[in-house]
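Each chain, written out:
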Amino acid sequence: MSKTHLGHRARKRFGQNFLHDTMVIDAIVDAINPQNDEQLVEIGPGLAALTEPVTERIDHLTVVELDRDLADRLEQHPFLQHKLTVHRGDALKTDFRQFQSDSSKLRVFGNLPYNISTPIIFHLLDQLDAIQDMHFMLQKEVVDRLAAEPGSKTYGRLSVSVQQACAVEPVLTVPAGAFTPPPKVESAVVRLTPYSEPPHPVHDRKTLQQLCLVAFNQRRKTIRNNLKQHIPAEQLEALGIDPGARPETLSVADYCRLANWYYEQQGDL
């Protein structure tokens, strides 16, 4: 299989792998289930593998594209140009609230470049007040981390930070052969639905994320060791947490209690 697809060469620096399997594409669009009265935003439309079938179902779509060649191609596309608003820019630096034309929330989706998928998710966690749901194609390993339960090797900062804010639902697994060029890993699609009222509220999500970064930094050490600069062992016990526990055994609720206590005492980490 040639590395060019519709005359466009996949660029390593953008982490581009283009989706071409129509059955997989249809399954993803069905999972998103776009409706005409909704505000949809696609991150990284690339060669429009998802863009085209989504715009067959709705009249307007906003896309965020960093690659100038691809943005040009979308703006000049004979069928799509009248249905698309192309925002040229880096999704990591984009304020998604600007795409809201009224009070209704955004439905965000995309086949995210593997090298920036986690930072994009953290960036969107800061803007959840504007988001109804998110559907992303990611490395399967990242979806496993998003959905991981306490006690598993894949459970960590990403699991806790996202599960505090969103319901996480793996939707389907996508084989490497569905892409050009085929990546060396399996992919999967996940649905993230922000809670209107999180089961474990936090005062400040940044504090939770920073606390998890410190807590999971050395997974083999105890939570007492990893957090000793920030939370004394007796305070861990007072919050109902065993200081001798490993970081991956603590629940999302445990980390939220720790983050809230820390925020009340200290402010930012």
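All values derive from a computational prediction rather than experimental measurement.

(A) Quick peek at the environment of Asp30. For Asp30, the location among the structural elements is in helix H1 (residues 22-32). Of the polar contacts made by the side chain of Asp30, one reaches the side chain of Arg57; its length is 2.6 Å.

(B) Expanded view of the domain arrangement of the protein. The assigned domain composition of the protein is domain 1 (4-194) and domain 2 (205-268). Opposite the 16 residues of domain 1 that make contact, domain 2 presents 16 residues. For the pairing of domain 1 and domain 2, the buried interface totals around 1,300 Å² over both sides, and the portion due to carbon and sulfur atoms is 59%. Together, Tyr155, Arg157 and Gln164 form the three largest contributors to the area buried by domain 1 at its contact with domain 2, with a combined 41%. The interface formed by domain 1 and domain 2 holds one salt bridge in total. The shortest N-O distance in the salt bridge between Asp126 and Lys206 comes to 2.9 Å. Summed over the shared surface of domain 1 and domain 2, the result is seven residue pairs in polar contact (both at pLDDT 80 or more).

(C) Region of the structure containing the environment of Thr55. With respect to the secondary-structure elements, Thr55 resides in helix H2 (residues 51-55). Residue classification places Thr55 among the buried positions, given a relative accessible area of 3%. Separated by 19 residues in the primary sequence, Thr55 and Asn36 have C-alpha atoms spaced 9.5 Å apart. Beyond its immediate sequence surroundings of up to four residues, Thr55 is in contact with Leu61, Leu80, Lys83 and Leu84. One polar contact links the side chain of Thr55 to the main-chain carbonyl oxygen of Thr51, over a distance of 2.9 Å.

(D) Representation of helix H7 (residues 205-215) in the model. Looking at H7, one finds that the buried residues are Thr207, Leu208, Gln209, Leu211, Cys212 and Ala215. Buried residues along H7 sit against helix H4 (117-125), helix H6 (157-165), helix H8 (223-226) and helix H10 (252-266).

(E) Summary view of the packing of H6 against H10. Two elements in contact, H6 and H10, have axes whose closest approach is 10 Å; the angle formed by their N-to-C orientations is 85 degrees. For the element pair H6 / H10, the angle class is roughly perpendicular. Two secondary-structure elements touch here, H6 through Val160, Gln163 and Gln164 and H10 through Val252, Tyr255 and Cys256. Residues that form the contact of H6 with H10 fall into these classes: four nonpolar, two polar and no charged.

(F) Just the sheet that holds strand E9 (residues 166-174), in detail. One open sheet holds the seven strands; their spatial order is E6-E5-E4-E7-E8-E11-E9, and the pairing between them is mixed. The open sheet has two edge strands, strand E6 (84-88) and E9, and neither has a second partner. Direction aside, the axes of adjacent strands within the sheet are offset by 20 degrees on average. Where strand E5 (residues 61-65) lies against E6, five bridges are found, and the strand directions are parallel. The residue of E6 that forms the bridge with Glu65 is Arg88.

About the criteria used
- Residues numbered from 1 in each chain as written.
- Predicted model: local features only at pLDDT ≥ 70, side-chain atom pairs only at ≥ 80, totals over all residues.
- Heavy atoms only, no water.
- Helix = DSSP H or I, 4+ residues; strand = E, 2+ residues; numbered from the N terminus.
- Polar contact = N/O pair within 3.5 Å; in protein donor to acceptor, adjacent residues only side chain to side chain.
- Domains from an automatic or database assignment.
- Contact = heavy atoms within 4.5 Å.
- Buried area = accessible area lost by both parts, 1.4 Å probe.
- Salt bridge = Lys/Arg side-chain N within 4 Å of Asp/Glu carboxyl O.
- Buried < 20%, exposed > 50% of the residue type's maximum accessible area, 1.4 Å probe, protein only.
- Axes fitted to C-alpha atoms, helices over the stretch in contact; angles between N-to-C directions.
- Parallel < 35°, antiparallel > 145°, perpendicular 65-115°, else oblique.
- Nonpolar A, V, L, I, M, F, W, Y, C, P; charged D, E, K, R; others polar.
- Pairing = 2+ DSSP bridges.

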